[in-house]
Structure formats: structure tokens, C-alpha cells
Amino acid sequence: RLELRCERDGAGSAELRLDGHPTLAVSRAALLPPPGGPEDAAEQELPVESRPFASYGSALHITLPQAPRAGQLLTLLIDYEAGEGPGVCWLSPEQTAGKQKPYMYTQGQAVLNRSFFPCFDTPSAKFTYSATVKVPEGFMAVMSATSWEKQKDNTFVFKMSQPIPSYLIALVVGDIVSADVGPRSRVWAEPCLIEAAKKEYDGVIEEFLVVGEKLFGPYVWGRYDILFMPPSFPFGGMENPCLTFVTPCLLAGDRSLVDVIIHEISHSWFGNLVTNATWGEFWLNEGFTMYAQRRISTVVYGLPYTCLEAATGRALLRQHMDATGEDHPLNKLRVVIEPGLWGVNPDDTYNETPYEKGYCFVSYLAHLVGNQSTFDAFLQAYVNRFKFQSITADDALEFFLEYFPELKEKGVDSIPGLEFDHWLDTPGWPPYLPDLSPGEQLMRPADELAELWAADALNMEAIEAVDITGWRTYQLVYFLDQVLQKSPLPEGNVKRLSKMYPKISKAQNAELRLRWCQIVLKNNLEAEYSKVKDFLHSQGKQKYTLPLYRAMWGSSEATRALAMETFSATAPQLHVNVRNYVKKILGLKGAE
């Protein structure tokens, strides 16, 4: 049921167009009588037709009795059935952690919710919603909503009282339970994971929320809950409001990956409250969120550690740009997404650029301001000015120049080579990089140790003198990134490295496992190929899965065989998008 308000007089058009999908079967549409009208007024059936629109969806054309006038309210009823589309994921019991019961979840970002319900599936439109969900006995339903209650007959009623874009509506039904971890937070997970989830997150979420509120203003969403998804969930996290979905890979057992939660919490201001109006300017969501995440991290963990984490992010951007070529059109902050059948699918524009190049641009704005607390105050004003709205890059940058008239006067938007338009419209490496040198005290020992391991003759005395027991995750990740860059290492070195540091080669931490697997493949360490297979069997996160298949496919005949064998065994447990991306890498037919 859609409650619509006509914003302005159209050019006499009586047609309403909504986003739909070939898998969404609409059986009827009707106009409900206006509220306050006569009691016996009947609903009016409306002609509805689904027409091709783009590779990722169709257009529902609904003919209204007459063209609506500005300010007019319309209530539309649409009967439909969905479930086969890409936005609705059905997991068999073996794709869950508990392996006992099936599970379903929806994933809306970027343009998938049109296969879950008919809507204006664009981040430029925001609305409140409510839902009534009936589930079978022994199952629980949760949604991205500000309030929910359980009624009789396994029926749940949800309400989201703040306006949000369509991609943030999310539903999960499964065998899930919850545990409190803070005054406004609980963790949700399958019963077999709930203890681990509680242990990992007890007390930490509130600390991050409080810091976020100090920096960016009030947290407006009421609760902040976290749902640990089944292992096949393709993302690290999805910032559905009130209920962030995260990968179970975050349950490292030692709180070493909680920074992903800081990222999702930061979306509560940047992305969910102030939203990019188009997916072509995704950096407004992700660049600002990376900046906010690193501000919170600096307060909580200090500047050196945050700079180290940012350095690993910069390395990912470097890898991405080397792989695609710097001048690839997706390597700019303002991407043109043409609508229509031949247009780009917004989902395929997802890459490191909006995150890390976007972070560099926001850091450049902070650098222009020159004072951290002044820039923090600007961010708070920015959130306050645009909250519950969808904006363009031009809106954001105009507000920046209005807020700092002295910078506007200086013409900071047109400094040669650093023009705001150059930042937005030119592909390639960021023209400004924030100073990460405070991280050097943590990077230098890691750099030196990687050098030692890359030597033709290993200096074991020098190697044994370095104690890595106190190194935190990102210091180890940084070390492994350096080893990977220097790979293949001289014969036998990786085998010794593996033996020397079981904390790395036998790690349960997914970030370490990913990099260790990459090193194993780059060095053709056949004795440990089984670790690559085990890791790909244990989870289906896109950021871990695709790089390993690329590495296997680009290495040797043996690793190509390993890729084929692993994929045929794990394909059923992968998300359909990830499955298609892997098929593309392996050159298999049937990749959509």
C-alpha cells in the first residue's frame, strides 16, 4: 500500500511509474477512496502493465483515473507476489551456521529492493514504512524499523518512523535469538553464534555511539542492533537503520575487527541520515562514512593505529586502480549512470574508489579548513542541514563554501589540479593524500620485518629479535600486505615464515586469513592450498572471495584446478551476485 502525495502539477499525465522486476508478479492495482470521504466509496481498479526498463528491473506503468493535482494525496493498493528476485535471498539449512533450518533475508542496496516490493527504488526518494509479517512456528522476523512488536500467531508488526530511502528497508526471517550488549543495543544471531556475538560486542557499541554523537550530533534512530548473518552473506556489513547486518567473519574472538562496526555506525549520520541522491555519487555515502569512521577510531584507538588502518585502505585503492587501470571511468567520484536497457547497473559500480578516493576528498576539505575541531563542527552542521534529505555533490560542496565564506573568497574550489570538479570528474589517483605518517611508528617495524623475510639468505637472528606478539590486527595486515607485494619470495622463505608465526598462518581472523591465502597462492605453496579451500568453504564475503579466485585463476594450472574444484563445491552457498562474479573470473558460461 503506497500513500503518495503529488508534489507538483504534471503536464496532464495520468500515469504513475514505479520500479518493479520481471520476478515481481503484480495481480492488481487499485486506488483507495480518499480518507474522510463517504463511508461506502469503493476502490477503483487501475490498469497496470510491466514494461522493460533496464537489465536490473522493469517499470510498472499504472494508469490513474485522471492527472493528480499538486498537493493531492493518493492511496494505492498493489497486490503482488515476489520471492524469486535478486533482492530476496533464500538460504537452505546448509547455508546457515546452524545447518538445521532455512533462512531468508533481503538486500536492497543498490537497486535490488524493486524485486521485493514495488516502489520508487531510488535513493532520491525517502519515506516511512510499516509492515506486518507472519512467519511459521519456530522462526523470528526482524526488520530495519524503529519499533516492533510480536502479536499472536507468529505475527510481527514493524514501524519505521523516520523517512529512509528504499534500499534501507530490510527483512530477515530465521531461527534467530538476541542478547543485550548495551543500553540501546542488542546482538541477533543464530542460537549457535549468540554467545560468541555477545562476548565480542558486549559494551563496545555504546562507546562508539557516544563518540559518534559527540562528533556528528544526535543518534536519531533509537536502537542500534547488530544482526550476525549466515556465512554466505556477501558483504562485511549493511547499514540497515536500527539493525546493521554483518558478516559472521567479524566474530574473530578477540574484538580485532570491530572497526567494521564503527564504519556501519558512522552510516547512521552519513548515508542513512544524509543520503546520495544518485548512485553515481556514492562517495557522498561512503567517502564521508570512511572519514567519520576514522574520526571515531582516532578518538577510541588513537591516531597511529587509525593511520595504519587508513594505509591498508590506501593499499586496497592502489590494488584496485592497478587492476582496472587508473583512467577507468569508474575510478572517478562522479560516475554517469545512464538509465535504460544499455545503462550501467548501479550494483556493478561498487569498488574502492567511492570509499578511499572519497575519503581523500573529504580529508582534502578538512585540510583546506586547517583545524580539526572547526571541520568537526562543519560536519555536524552539514548533517543538521541535510538530515532526512538526499543530496548531490554540488549541494554538499556549495554548503561547504557557504559555511566557510573566507575559503569561498579565496577560490579554493578552483585551485589548479585540485579543482572540486577535477576531484569529481577526473578518473585516477587522488590529487591529495592525507598525511598518514603518525602510523609510521607501527608501519616501520612491519616494513623492516617484511624486508628481512624477502632476503635471499634469511637473517634468522634479526628476525627472531622482532616480537610480533603485541601487534594488533592492522599491524599484522600491513606486514602481510608488504610480504604479498614482495612475493614470490625466495624459495623456502614462506614455508619458514608459516612455521615461525602460527598466529598468522593458522589465524581464525578473516582479514589475516585472506592475506595469508593470497601469499600462499602468489608463492605456489602447494602444502597450504587446503587453507585457501577451507577459507572459501567457511564464508562467502565478496571482498574475500573474488580476490582469491582472481589469484587462483591467474597463477598456475594447479591453482586453476583448485579454483574449479572449490567453486563447484561452494557455488550453492554463495550469494547469486558473487556466484556470477566468480563465474566471470573463471570464464564459465551462464554468468549473467
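Small disclaimer: the values here were computed from a predicted structure and weren't measured.

1. Section: the domain arrangement of the protein
Per the domain assignment, the segments of the protein are domain 1 (1-82), domain 2 (85-261), domain 3 (269-425) and domain 4 (440-586). Relative to domain 3, the C-alpha centre of domain 2 lies at a distance of 26 Å. In terms of surface lost to domain 3, no three residues of domain 2 exceed Lys126, Leu215 and Phe216, which account for 28% of the buried area on that side. Across the domain 2-domain 3 interface, the total number found is zero salt bridges. Summed over the shared surface of domain 2 and domain 3, the result is 14 residue pairs in polar contact (both at pLDDT 80 or more). Counting only elements with at least two residues in the side of domain 2 that touches domain 3, the list comes to β13 (155-165) and α2 (204-216).

2. Some thoughts on the UniProt feature "binding site: a peptide" (unreviewed entry) in the protein
Per the UniProt record, "binding site: a peptide" (unreviewed entry) is found at Gln107, Gly108, Gln109, Pro234, Phe235, Gly236, Gly237, Met238, Glu239, Lys541, Gln542 and Lys543. Note on placement: glutamine 107 falls in the loop between β9 (103-106) and β10 (126-134). For glutamine 107, the residues in contact, after removing those within four places along its chain, are Gly87, Leu112, Asn113, Phe233, Phe235 and Met238. Secondary-structure assignment places glutamine 109 in the loop between β9 and β10. Of the residues examined, glutamine 109 reaches a relative accessible area of 12% and is grouped as buried. If we skip the residues at most four places from it in the chain, glutamine 109 touches Tyr167, Met238, Glu239, Trp279, Phe282 and Asp347.

3. Focus on the state of the cysteines
Where two cysteines share a covalent bond between their sulfur atoms, that bond is called a disulfide. Scanning the model with the defined rule gives zero disulfides in all. Unpaired in terms of disulfides, cysteine 242 finds its nearest cysteine sulfur in cysteine 119, a separation of 19 Å. For cysteine 242, a relative accessible area of 5% translates into the label buried. Cysteine 517 supplies the cysteine sulfur nearest to cysteine 249, a cysteine that is in no disulfide, at a spacing of 12 Å. Given a relative accessible area of 12%, cysteine 249 falls into the buried group.

4. Quick word on helix α13 (residues 473-486)
End to end, α13 covers 20 Å across 14 residues, agreeing with the expected 20 Å (1.5 Å per residue, within 8%). Counting buried positions along α13 gives twelve out of 14 residues, so the element sits mostly inside the fold. Within α13, the full set of buried residues consists of Thr473, Tyr474, Gln475, Leu476, Val477, Tyr478, Phe479, Leu480, Asp481, Gln482, Val483 and Leu484.

5. Quick notes on the pattern of salt bridges
Evaluated as defined, the whole model comprises 31 salt bridges. The salt bridge partner of arginine 184 is glutamate 206, with a shortest N-O separation of 2.9 Å. Of the two residues, arginine 184 sits in the loop between β15 (177-182) and β16 (185-189) while glutamate 206 sits in helix α2, which places them 22 residues apart along the sequence. Considered together, arginine 184 and glutamate 206 belong to a single accessibility category, that of buried residues. A salt bridge links arginine 515 to glutamate 511, with the shortest nitrogen-to-oxygen separation between them at 2.8 Å.

So, how was this worked out
Residues numbered from 1 in each chain as written. Predicted model: local features only at pLDDT ≥ 70, side-chain atom pairs only at ≥ 80, totals over all residues. Heavy atoms only, no water. Domains from an automatic or database assignment. Buried area = accessible area lost by both parts, 1.4 Å probe. Salt bridge = Lys/Arg side-chain N within 4 Å of Asp/Glu carboxyl O. Polar contact = N/O pair within 3.5 Å; in protein donor to acceptor, adjacent residues only side chain to side chain. Helix = DSSP H or I, 4+ residues; strand = E, 2+ residues; numbered from the N terminus. UniProt positions renumbered as here; feature names shortened; annotations may be inferred. Contact = heavy atoms within 4.5 Å. Buried < 20%, exposed > 50% of the residue type's maximum accessible area, 1.4 Å probe, protein only. Disulfide = S-S within 2.5 Å. Expected span 1.5 Å × (residues − 1).

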